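Structural description and commentary
Next come the chains, spelled out residue by residue.
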Amino acid sequence: MDVVSNEQSDAAANAEAEAQPGEQQMSKRAQKKLLKQQRYEAKKAQKKAAEKEHKKREADRKRKEWDEKLSGVDEEERAKLFDARRGLRMERMEKRNEEKADKIERLAKAKEHGQNIVIDLEFAHLMSPNEINSLTQQITYCYAMNGRCSSPSHLWLTGCSGDMETQLQKIPGYPNWIIEKESRSYIEALHDRKDDLVYLTADSETMLDSLDPKKLYIVGGLVDRNRWKGITMNKATEQGIQTAKLPIGEYLKMSSSQVLTVNQVIEILLKFLETGDWKTSFFHVIPQRKRHEADLDVAQGGKEEVRMEM
């Protein structure tokens, strides 16, 4: 398929070009991981193009079926078919409006009583344009996912400025999001609640047992490709705020990449708020290819470090 081939080739070429400037500064291991990520992104672009082509074919097929249906009936029957079709569209529109109103109500309540989760966007200067775009997509997913929850959290974007803000502004509907958008850092915007701030970082020695509704949990917005290990822990330590890590090692061991994306971390938190069970949350979110059930070492108390992109 020409469309798929071109999408895949362009993605691979762009990824390769992006890797060149920093290639000499990267270790062989880092280069290997970067190339793996590039292949994944090329495959994702191929899948996206294939889905787009499939949707186009389906739309053409339905249009053809509709035209054939109309061609075989008289004017009176045609009018009935149009009325029925119009009625279905109105029903769908009413349902969407009801769902939207319900979502707005739930998010408004979360602003007053929900668990506060902060995405720290002060790392944009460390990321390439493609990485910023990737983070933007993750944030979009986080907001959509939170909006589907029966009891959503209240999300914050702090340090939202510069290239990061520009990219976010391109998202359709972003200005209407029910979310806190702060150009200031969380330490400035929430200075009166400093004692309630908890930075989630894999480098913390404190295990997160549960979520305290009074706390504000911070997730670092960094697509780091493992280039910036320890950066969030160092930041939190310098600022004198609490840190904690997800208890992933208590329930499973990672079989491949130990990096969790921002949207995966937030989805884990949302799932835990829904179920109150960490194991259920981890197994629901973390892909099978990245994990296998805890083996004897974990059962006897061994732990597997998992680095989150934060």
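The structure this text deals with has already been given above.
Below or above, wherever it landed, is the structure these notes cover. Everything numeric here is computed off the predicted structure, so don't read it as measured data.

**Regarding the pairing of strand 1 (residues 116–120)**
Counted residue by residue, strand 1 has 5 buried out of 5 residues, so it is predominantly covered. Where burial is concerned, the two faces of strand 1 agree: the one with N116, V118 and D120 and the one with I117 and I119 are both buried. Relative to strand 2 (residues 154–158), strand 1 is paired through 5 bridges, and the arrangement is parallel. By the bridge assignment for strand 2, V118 is matched with W156. A crossover links strand 1 with its parallel partner strand 2, the connecting element being helix 4 (residues 129–148), and its sense is right-handed. Bridging between strand 1 and strand 5 (residues 216–220) involves 5 bridges; their strand directions are parallel.

**Quick word on the packing of aromatic side chains**
Counted under the stated rule, the structure contains 6 aromatic pairs. Look at Y186 and Y199: their rings are 5.9 Å apart centre to centre, the planes differ by 75°, and that puts the pair in the edge-to-face class. In this pair, Y186 sits in helix 6 (residues 186–189) while Y199 sits in strand 4 (residues 197–200), placing the two residues 13 residues apart along the sequence. Note on W278 and F282: the rings are 5.6 Å apart at their centroids and 15° apart in plane angle, and the pair reads as stacked. Here the residue W278 and the residue F282 both occupy positions in helix 9 (residues 278–285), the gap between them amounting to 4 residues, near one helical turn. Like F282, W278 is buried. Taken together, the ring pairs in this structure connect Y251, F272, W278 and F282 into an aromatic cluster. Sitting over the ring of Y174, K181 keeps its end group 4.2 Å from the ring centre. Over the face of the ring belonging to F123 we find K235, whose NZ or CZ atom lies 4.7 Å from the ring centre.

**Notes on the sheet that holds strand 3 (residues 180–181)**
The pairing of strands in a sheet happens through backbone hydrogen bonds and is either parallel or antiparallel. What the 6 strands build is an open sheet, ordered 3-2-1-5-4-6; its pairing is parallel. In this open sheet, the two edge strands, each paired with only one partner strand, are strand 3 and strand 6 (242–244). The pairing of strand 4 with strand 5 spans 4 bridges and is parallel. Opposite Y199, over in strand 5, you have I218 as the bridge partner.

Definitions and cut-offs
- Residues numbered from 1 in each chain as written.
- Predicted model: local features only at pLDDT ≥ 70, side-chain atom pairs only at ≥ 80, totals over all residues.
- Heavy atoms only, no water.
- Buried < 20%, exposed > 50% of the residue type's maximum accessible area, 1.4 Å probe, protein only.
- Helix = DSSP H or I, 4+ residues; strand = E, 2+ residues; numbered from the N terminus.
- Pairing = 2+ DSSP bridges.
- Right-handed = clockwise from strand over helix to strand, strands pointing away.
- Phe/Tyr/Trp six-rings, centres within 6.5 Å; stacked < 30°, edge-to-face > 60°.
- Lys NZ or Arg CZ within 6 Å of the ring centre and 35° of its normal.

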